[in-house]
Structures are given as structure tokens and as C-alpha cells.
Amino acid sequence: MIHRQGSYSDSAIDHKVAPNCEGEPTAQQSSTNAASGKGHTQQLQALQDIVDLAELGAGRLDNTLLDQLHNLEQRAAQRLSRSREHVVIALAGGTGSGKSSLLNAIIGTNVSSPGVKRPTTDHAIGVSIGSGEDAAPLLDWLQVFERHCLEAEGQLSGMAGAVILDLPDIDSVVAAHWDSAERLIERCDLLIWVVDPLKYAHAIGHQRYLANLAHHAEVLVVTLNHADRLAQGDRADCINHLQQLLAEHGLDKARSLPASANTGEGVDLLRQIIAEEVRERRAPVERLRADSQALKQQVGQSVPDPGVFSIDTHELLEMQHEALNERDLLQAAAALYRRMAIQSTASPLKRMVFWGAKKLWRGVFGNGQEGNKLASKASDKTATNTSDHLTSANRPPIKISEQRLRYGLVDAVDHLVQRLPAPAAHRLREAAAQSAKPFAAGLRQQLEESLLIEPRRRWWWRSVALLRGVGELAALAGVAWLMLRSLADWLVLPPVPVPMFVGELGWPPVLIFGGISASILIGLAARPVASVGARRHSALLRRQISRVVESQAAEKDLGSLSGELDKIRQLSLRACRGAN
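Residues numbered from 1 in each chain as written. Predicted model: local features only at pLDDT ≥ 70, side-chain atom pairs only at ≥ 80, totals over all residues. Heavy atoms only, no water.

### Describing the overall build of the chain
Phase 1: Scanning the chain for helices and strands turns up 21 helices and ten strands.
Phase 2: When contacts within the chain are restricted to residue pairs at least 6 apart in sequence, those whose partners lie at least 24 apart make up 81%.
Phase 3: Of the roughly 28,900 Å² that the chain leaves accessible, carbon and sulfur atoms contribute 54%. (Helix = DSSP H or I, 4+ residues; strand = E, 2+ residues; numbered from the N terminus. Contact = heavy atoms within 4.5 Å. Areas by Shrake-Rupley, 256 points an atom, 1.4 Å probe, with all protein chains shown as cover.)

So, in C-alpha cells, the structure goes:
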């Protein structure tokens, strides 16, 4: 039984629903539940992949490619919401290829009539097999308004759930026919491409359509219609050439077969293919997978491989060393070591004298500003080299040039920027520039917590100070001895004995000049030792800086830059996974 519905205008898309035949579920439909459930899961997974790819590509891919992802996401969601139990099979081809005749032969009745003046189809025709009422929302979405419903009986008993479309000609002189054909080719689940012996290699069909279906071999059947018009030898040559052309488009796995609507050749095989697709519900899954795979390949071609999304650790090390005032810190550490060593090994007598002078100044001038200033001048004379005056309180701060880090990070991602689409390249450069400030702050904090610019006091400093103190005590003892001798002479007391050191040279002058000379010589000898220690302390600080810098470079905690690199890496991973 055939039900026919007339054509409607495009304005009726949301208001007209074609009446359909009613039919009860068959045993064949019940047997497909398990396969259908599995197919639905695969469809949802494929749809989720597209959604994830679109989210990752937002602001990173070109607008054209991003629009294609969103369109596929929308189209897939709309397709799944209309019907998950039907398989849409579209017969497409050029003028005179015999699509309408082949459709009539497949379903066993005439529902599509070739054009009268020329063999052309000017609008889409839909044939639903089985429960046609359930296919109405799907046909509305497809914008197919001439509809026919056939019972799933006889030779169509295994095709319940099939919705077969006869599309307008792809080479029609009317632009609207092209648009309708392209839209339905994009939305169908299984595409049967019908060609004839005269135009099977037509450039329009191959360059505009088949060349873009390289990932759709599983949902494409190429049929050479009117094969009965060819001699046996010509038929073989024609089929071989057709398969060669398909292989050039990456469709060597696509099914191809000769057919004839007049003799019925190949018609049973087409019915079998349709019945198998309806039974397994595989075509919608494969079509969505093929569409998503084609877009994933385009995405994969626009972004580099996942393995290149990293910043060279050596570059990070260099830029950190260049941005840090490392030279100032090393010089400050060496100067501080020398100062502390010189002050710690200075003459104890000299320190006592100037300490007394400082107390005297404060006693005379008070604790006011002028008194403190004069006392400081007296105290500063204890420093041997005033240009090296440096204490832990006024040591130079750790300075990191954010500008140098910004330039360094932007340069570090330049090899990726040159290979990315313009939106992704812009976002990556912005992320690199924005990461300089937190990266500098993190490096500064690590350095402040780890660096020891002020050295710990060395044991030899005290030893030198002790030796100098012994010598100066000996000199003071000699001075006291002479003063006691003079006092005894002045008071006419018994003379203080003065043992001779050698000849007429007594011990008091030997103690005075020997003690002072020993203190001076020990102090002079300590200076080169202090310089050596300053260099070693500077080298130790350099190693500490290197360890901190290497730790920062190894962690690669670059804030927004790390996040953006991870997003692009995920985008590339998903694209490569889909393309493979």
C-alpha cells in the first residue's frame, strides 16, 4: 500500500507534517534493539567528541573551521533528537543517471517520475518504510515534503526503518536544486551515489562531492547504473576506471557495484545493503564518525603535533639568569664577606679606642641627630675600605626584570606561534606575556627563601682576632712596664727591673714593637685570605641561584601560559586521535 503526499513550500517546514501509514512493530525491528542501543552510545560518544573539540577550539581555531564544528554539533544533535530508529538513505547523482528509476526498482513501485522534458529531478522525494508516522519529524528536519510510506512487507520486509530519498540533480542548471542536494547529502546517513556510463567521471561529481568524502567510505555506495547498456568488456573497463577514480579520492574502501533499473541487476544487492544498515543501525553512527573524523583531520592539520607543546628548559634557564640581577647579588655577597672578615679580624685595640670615642661623642653631644652623626663618623673609621661598607640590613634586594621575562617567554613560544592558527597564536602570545609577572614573583620568593647572602662567621676570623689581641696585649704590657719604670724613677723609688732581650735591648720595647708589628702583619695576612673566602662565598651563592633557577625551570609553572599550552595540546591530541 502506498501513501503519497503532495509537495509543500519551504515556509511550511514547521507547520506541515505529512500523513503516514500506520504499522505495527515487526519481529525484525525487535531484534535490532541491542544493536540500536550500542549505536546510540557510539553516536553520543562521537557527538561528545565534537562538543569537546568545539569547546577547546573556541578562540583558538579559525572561525570557518569553528563554524563547521558548531554546525556539525548542531546537526548531529538535531538528527539524534528527531529519530534514532531510522536510517536515512539518499540517492544522489547527476542528470540522467537514473536515480528515480533505481529508487522505483528498489522499492518495487513507481513513486518518483523522471522529468518529462529532460531526465531531471527538481525536488527531493522521501519514501519511509514501516512506521512512517515516526519518521515525520525526521522528514520535517530534512525539509522533504513529498513523502510516501510503504509497508515493510514482501521484498521490503527487512527494510523497516529505512527512509530513502531521491535527491535533486547535482548538476542541475537551477541553483536551488544544488543547494537542496548538498543539504541532504550532508544530513543523510547512507549515501548511494548513482552514476551512468556516460558521466561516471564527471568533474562536478568527483571534485565537488566525492573528493570531500574521503572519510565517508563506510557510508558510501557507488552504483554504476545503466550497466546493461555496456558490452561485457566495456563494463569491466568502466568499473575498473571508476574504482581507480574513487581510490584517488581516498575512497578505495567504498562499496561499488553495477546496476540496472531496467533489468533489475544489482537491485537485490542494494536492498540487501539497505536492510543490513537498517538492521544494524550502523550508518548513522558511521556517518557521524566520518563527519567528525573529517573535521578532526582539518583541526589536526591546523595545529602542530602534541609532542611539540613544551618550552625548552634551557631557554627558561637562560631567560631567568638574564632577568635576575645575579651579578649584583654575587658582588654584594663577596663584599659583605670581605667586610665581615675584615671587621671580625680588625685590631681589638683599635676597636676599643673607637668604641670609646663613640661613647665619648655621645656623652658630649648627647643622643641627638648631630651626636649620632659624629659618632657614626668615628665608628665608620673602623672600616678599612668605605666603598665596601655593606651590612645584611642594606644588602641589595633581589631584582627580576619582568620585561626581560616577558620577552623571553614570548620568544620561547615563537616556534609554536608560527605553526598555529591566528586566534590560537594570539592567545598563546598573550598568555606568555601575562605569565611573566607571576613567574617573576615565584622566582623571587624562592630566591629570598633559599639564598644566604650574609655568610656565617668563620672560625679563623676569631683565631686571627685572638692572635692580634695577644700581640696588642704584649705591646700594652711593654708600655705599662716602661710607665711603671718612669713612675718609679720620678718618685725616687727602687727601680723596676728590666731584663735584657739581647745586648742593651730590654724586653719592654721588644714587647711594644713586636706586639704591634705582629698584629699589623697578621691583619695584612688575613686580607688575601678574606678575598679567597669572598670568592668562595660568591661561588656558593652562584650555585644556590642555579639550583633555584633549575628547579623553577623544571617545574615549568608558568600560570596562564601552562594552561594555554595544555589546552592547545589537548586540542591537538583529540584531533590526532580522531584522524587516526
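### Description of the nonpolar core
Phase 1: Leu-69, Ile-400, Leu-428 and Leu-561 are the most contacted members of the largest nonpolar core, which has 69 residues in total.
Phase 2: Residues in contact with Leu-428, not counting those within four places in the same chain, are Val-413, Leu-416, Val-417, Leu-420, Leu-561, Glu-564, Leu-565 and Ile-568.
Phase 3: Residues Val-88, Leu-210, Cys-238 and Ala-254 belong to the second largest nonpolar core, which totals 36 residues. (Core = buried A, V, L, I, M, F, W, Y, C linked by side-chain atoms within 4.5 Å. Buried < 20%, exposed > 50% of the residue type's maximum accessible area, 1.4 Å probe, protein only.)

### Details of the packing of helix α11 (residues 313-323) against helix α15 (residues 402-412)
Phase 1: Following both chains from N to C, one finds α11 and α15 inclined at 165°, their axes separated by 9 Å at the closest point. The angle between α11 and α15 places the two elements in the roughly antiparallel class. The interaxial crossing formed by α11 with α15 has right-handed handedness. Listed contacts from α15 to Glu-315, Leu-316, Met-319, Gln-320, Glu-322 and Ala-323 of α11 are Arg-404, Leu-405, Gly-408, Leu-409 and Ala-412.
Phase 2: By residue class, the composition of the contact of α11 with α15 is six nonpolar, two polar and three charged. (Axes fitted to C-alpha atoms, helices over the stretch in contact; angles between N-to-C directions. Parallel < 35°, antiparallel > 145°, perpendicular 65-115°, else oblique. Left-handed = near helix turned anticlockwise from the far one by under 90°. Nonpolar A, V, L, I, M, F, W, Y, C, P; charged D, E, K, R; others polar.)

### Thoughts on the pairing of strand β3 (residues 125-129)
Phase 1: Of all the five residues making up β3, five are buried; the element is thus mostly covered by neighbouring parts of the structure.
Phase 2: Side chains Ile-125, Val-127 and Ile-129 project from β3 onto one buried face, and the interleaved Gly-126 and Ser-128 project onto a second face that is buried too.
Phase 3: Sheet topology places β3 next to strand β4 (residues 146-150); five bridges connect them, and they run parallel. Bridge pairing in β4 links Ile-129 to Leu-150. (Pairing = 2+ DSSP bridges.)

### Brief notes about the pattern of salt bridges
Phase 1: Counted under the stated rule, the structure contains 15 salt bridges.
Phase 2: In this structure, Asp-268 and Arg-271 form a salt bridge, with 2.5 Å as the shortest nitrogen-oxygen distance. Here Asp-268 pairs with Arg-271, and both are found in helix α9 (residues 267-280), just three residues apart, close to one helical turn.
Phase 3: Here Glu-322 and Arg-404 are joined by a salt bridge, their closest N and O atoms 2.3 Å apart. Remark: Arg-404 occurs in helix α15 and Glu-322 occurs in helix α11; sequence separation between them is 82 residues.
Phase 4: When its relative accessible area of 47% is taken as the criterion, Glu-322 is described as partly exposed. (Salt bridge = Lys/Arg side-chain N within 4 Å of Asp/Glu carboxyl O.)

### Here's the deal with the packing of aromatic side chains
Phase 1: A full pass over the atoms with the stated rule returns two aromatic pairs.
Phase 2: Relative to Trp-461, the ring of Tyr-337 lies with its centre 5.5 Å away and its plane at 70°, an arrangement referred to as edge-to-face. Taken as a pair, Tyr-337 in helix α12 (residues 326-344) and Trp-461 in helix α19 (residues 459-490) lie far apart in primary sequence, 124 residues in all.
Phase 3: Tyr-337 sits in the buried class, given a relative accessible area of 3%.
Phase 4: Classification of Trp-461 as buried rests on a relative accessible area of 1%.
Phase 5: Note on Trp-460 and Trp-461: the rings are 6.3 Å apart at their centroids and 80° apart in plane angle, and the pair reads as edge-to-face.
Phase 6: Here the aromatic cluster, defined as three or more aromatic residues joined through ring pairs, consists of Tyr-337, Trp-460 and Trp-461. (Phe/Tyr/Trp six-rings, centres within 6.5 Å; stacked < 30°, edge-to-face > 60°.)

### Re the packing of α11 against helix α20 (residues 507-555)
Phase 1: Their axes nearest at 9 Å, the elements α11 and α20 cross at an angle of 135°. If you check the angle between α11 and α20, you find them oblique. Judged by the twist between their axes, the crossing of α11 over α20 is right-handed. Where α11 abuts α20, its residues Thr-313, Leu-316, Leu-317, Gln-320 and His-321 lie against Ile-545, Ser-546, Val-549, Glu-550, Gln-552 and Ala-553.
Phase 2: Here the contact of α11 with α20 is composed, by residue class, of five nonpolar, five polar and one charged.

### A word on the layout of surface pockets
Phase 1: The volume enclosed by the largest pocket comes to roughly 610 Å³.
Phase 2: Glu-186, Asn-212, Leu-213, His-216 and Asp-291 are the residues nearest the centre of the largest pocket, which is lined by 20 residues in total.
Phase 3: Breaking the lining of the largest pocket down by element, the ones donating at least two residues are α3 (63-82), α6 (175-187), α7 (203-209) and α10 (282-302).
Phase 4: Counting residues per element, the lining of the largest pocket draws most heavily on α10, at six residues. (1 Å grid on protein atoms, 1.4 Å probe; cavity = no way out; pocket = protein on both sides within 12 Å on 5 of 7 lines; lining within 4 Å. Points joined across faces, edges and corners; volume = space filled by probe spheres on them.)

### So, the environment of Leu-420
Phase 1: Among the secondary structure elements, Leu-420 is positioned in the loop between α16 (414-417) and α17 (422-434).
Phase 2: Leu-420 sits in the buried class, given a relative accessible area of 9%.
Phase 3: The sequence separation of Leu-420 and Pro-304 amounts to 116 residues, and the corresponding C-alpha distance is 7.0 Å.
Phase 4: Those residues within four positions of Leu-420 in sequence are excluded, and the remaining contacts are Ser-302, Val-303, Pro-304, Phe-309, Ala-425, Leu-428 and Ile-568.

### What about unusual backbone geometry?
Phase 1: Positive phi is not limited to glycine here, since Gln-143 has a value of about 60°.
Phase 2: Within the secondary structure layout, Gln-143 lies in the loop between α5 (136-142) and β4.
Phase 3: Under the relative-accessibility criterion, Gln-143 is labelled partly exposed at 27%.
Phase 4: Backbone geometry at His-226 places phi at a positive 60°, although glycine is not the residue there.
Phase 5: Mapped onto the secondary structure, His-226 falls in the loop between β7 (220-224) and α8 (232-248).

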